[in-house]
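Fold and geometry: a report
Okay, here's what each chain looks like letter by letter:
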Amino acid sequence: MQSRPDMDTIFALSSGRLPAGLAVIRLSGPAAFEAVRAMAGDLPPPRYMARRAFRTPTGALLDRGLLVIFPGPASFTGEDCAELHLHGGKAVVAAVSRELANIPGIRIAEAGEFSQRAFTNGKFDLTTAEALADLIEAETEAQRRFAVENASGRNATLYARWRDVLIQGRALIEAELDFPEEDDVPGSVSPQVWASVEDLVREIDAHLVHQRSGEIIRDGFRVAIVGAPNAGKSSLLNALARRDVAIVSDEPGTTRDTVEVALDLEGLKVILTDTAGIRETTGTIEREGIARARAAADRADLVLLVKDGTGPAAPDAAWPAKRTLTVWSKTDLLDDTDSRETSPDAIRISTLTGDGVADLVARITAEAVKAVARTADPLPFRERHVNELTAARRALDSFIHSRDAPLELAAEQLRMASDSLARIIGVIDTEDLLDVVFSRFCIGK
Ligand SMILES: Nc1nc2c(ncn2[C@@H]2O[C@H](COP(=O)(O)OP(=O)(O)OP(=O)(O)O)[C@@H](O)[C@H]2O)c(=O)[nH]1
Ligand SMILES: [Mg+2]
């Protein structure tokens, strides 16, 4: 993607799946205006929409629609941009695309290429680009709110401020190294630098504490449904999903593999995973299924341990480190005096009558809401950010413990930490990163 980015003019369908009411084809690059002039005649004034007939070079009519131009640098990409608002038919878009691709110097855009150009031209930092991708993919209200906040660049502002602290610290240390005798480098600067780094480490730690919250909002709160074979796990998944997702039968060992369903609970994405019943077995396939069940529970934010209220007590599979709710199943088969009481950590349900299901949904929702930090502060929202922050944190730790080491070594730790922060916002080392970040975008973005 990084070849010839500045020379080419690119275009793509930027609106959704066809057929649709409208289709928007976007162009960006030095030949964008020439191309639309060839197709549509006179250009309208910048940022004003005008009705135009779009034609082939021989004058055949392709479609009538609207044209708007955005001269660079005041455009999304920073280059000359144009948008053709067409009728959203497949053949219309195919015909206009064919004509555009025939113009020399114009080609179809690759995934994320418009955003990559915007980034390259300094329109926004890398975290904002990532947040824009999240905004496009957002399915739930919490995802949308999170992405739109992140797209304001608030994380970049925070990381840039932290980076400034480190750059200043380094400058002071280097001044001391270069001019140890000078009067205007006050005594030893070390205590001052060390104090500011210690403050910064506390801030980074507070930020990293919430890393799982960011992941939960973006990727979903994970709930694993586990228990003995035949306990009623798949029936529970179907009841919660309100459709027949998993096969249910009275044969123990029906579910062999994990089955996932995503729900939207009060705006939060919640991913339920049905798993194979856990028991001693010699079957290789079943053993693999059980290993996957355990892995799903290990990954989960909440474990629903399903126990057959009518059956013999099954040995407990336990995830001591996990938030676990016990779900007594098939309570329609029990009499009212049954001793399997509900408690804050246990609930009785029947998927046959629907008893207790709404209550369970409410409890899952409450757990998901609780897991998401109620903070207005920015949260890290990509594994990439967390990894760089952790690396920065490590370097700062070494710095703090290097009071007795030569100042050059201490300054080097500060440099490593500030480089990590710089990589998050995309100020340095972007070569390898760009393809990773932007190739996940859709075409036309
Ligand atoms: N009466 C009654 N039967 C139920 C209920 N839930 C499940 N069952 C029955 O219990 C049997 C097992 O249900 P499944 O949902 O397949 O159980 P499972 O835990 O997924 O079983 P495996 O996948 O084999 O581990 C089926 O015959 C279901 O119809 C319930 O609430 N009431
Ligand atoms: Mg099952």
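Just so you know, the residues in each chain are numbered from 1, in the order the chain's sequence is written. As a convention, the first chain written is A and the first ligand written is 1, with the rest following in written order. Only residues with pLDDT of 70 or above have their local features reported here, since the model is predicted, and side-chain atom pairs are shown and tallied only from 80 upward, although totals for entire chains, interfaces and linings are computed over all residues. Values shown for side chains rest on all heavy atoms present in the structure; no hydrogens or waters enter the calculation.

Rules: UniProt positions are given in the numbering used here, feature names are shortened, and annotations may be inferred rather than shown by experiment.
Per an unreviewed UniProt entry, the chain carries the name tRNA modification GTPase MnmE and comes from Aquibium carbonis. Here is the UniProt Subcellular location (unreviewed entry) comment for the chain, exactly as written: "Cytoplasm". Regarding the chain, the UniProt comment filed under Subunit (unreviewed entry) reads as follows: "Homodimer. Heterotetramer of two MnmE and two MnmG subunits."

**Side note on the site of ligand 1**
Put simply, the test is: What makes a residue near a molecule or strand is one non-hydrogen atom of that residue sitting within 4 Å of it. Under this definition, polar contacts are N or O atom pairs within 3.5 Å; protein pairs additionally need one hydrogen-donor-capable and one acceptor-capable atom, and for neighbouring residues in sequence, both atoms have to be side-chain atoms. The Shrake-Rupley method, run with a 1.4 Å probe, gives the accessible areas here. Residue values count only the displayed protein chains as cover. Following the grouping adopted for this structure description, the nonpolar residues are Ala, Val, Leu, Ile, Met, Phe, Trp, Tyr, Cys and Pro, the charged ones are Asp, Glu, Lys and Arg, and the polar ones are all others, Gly among them.
Near ligand 1 there are 22 residues, and of these Lys233, Ser235, Gly253, Thr254 and Asp332 occur at the shortest range. One of the side-chain N or O atoms of Thr255 is found 2.8 Å from an oxygen atom in ligand 1. Measuring from an oxygen atom of ligand 1, one finds a backbone N or O atom of Gly277 at 3.4 Å. Protein chains shield 87% of the accessible area of ligand 1, which is 660 Å² for the free molecule. Per-class residue counts for the shell around ligand 1 are six nonpolar, eleven polar and five charged.

**Here we look at the sheet that holds strand S9 (residues 268-274)**
As a reminder, the rule being used: Pairing between two strands is assigned when DSSP locates at least 2 bridges connecting them. Here a helix means four or more residues in a row that DSSP labels H or I, a strand means two or more in a row labelled E, and each is numbered from the N terminus. As a rule, the C-alpha atoms of each element are fitted with a line to give its axis, helices using only the stretch in contact, and angles between N-to-C directions run from 0 to 180 degrees.
The sheet built from six strands is open, its strands ordered S8-S9-S7-S10-S11-S12 with mixed pairing. The outermost strands of the open sheet, each flanked by one partner alone, are strand S8 (259-265) and strand S12 (346-348). Taking the axes of each pair of neighbouring strands and ignoring which way they run, one obtains an average angle of 25° across the sheet. Here strand S7 (residues 221-227) runs beside S9; their pairing, made up of five bridges, is parallel. Looking at the pairing, Phe221 lines up with Val270 of S9.

**A closer look at the nonpolar core**
How we decide: What is meant by a nonpolar core is a set of buried Ala, Val, Leu, Ile, Met, Phe, Trp, Tyr and Cys residues, joined one to another through side-chain atoms within 4.5 Å. Three exposure classes are used, based on accessible area relative to the maximum for each residue type with a 1.4 Å probe and protein chains only: buried under 20%, partly exposed in between, and exposed over 50%. Contacts are assigned to residue pairs with any non-hydrogen atoms lying within 4.5 Å of each other.
Counting residues in hydrophobic clusters, the biggest one holds 34 residues, and the most contacted among them are Leu236, Leu304, Leu360 and Ile364. Not counting chain neighbours up to four residues away, the residues in contact with Ile364 comprise Phe221, Val223, Leu240, Leu265, Val270, Leu302 and Leu304. Core analysis: the next-biggest nonpolar cluster, separate from the first, contains 27 residues, Leu166, Ala410, Ala417 and Ile424 among them.

**Quick look at unusual backbone geometry**
Trans peptide bonds make up the majority, and among non-glycine residues the majority have a negative phi. Of the consecutive residues Leu18 and Pro19, the connecting peptide bond is found in the cis state with omega at -5°. The topology assignment puts Pro19 in the loop between strand S1 (9-13) and strand S2 (20-28). In the segment running from Gly72 into Pro73, the intervening peptide bond is cis, with an omega of 0°. Structurally, the position occupied by Pro73 is in the loop between strand S4 (61-70) and strand S5 (81-88). Even without being a glycine, Arg242 presents a positive backbone phi close to 55°. Mapped onto the elements, Arg242 comes out in the loop between helix H9 (233-241) and S8. A positive phi angle, close to 50°, is found at Glu266, a residue other than glycine. Overall, Glu266 belongs to the exposed group, its relative accessible area being 70%.

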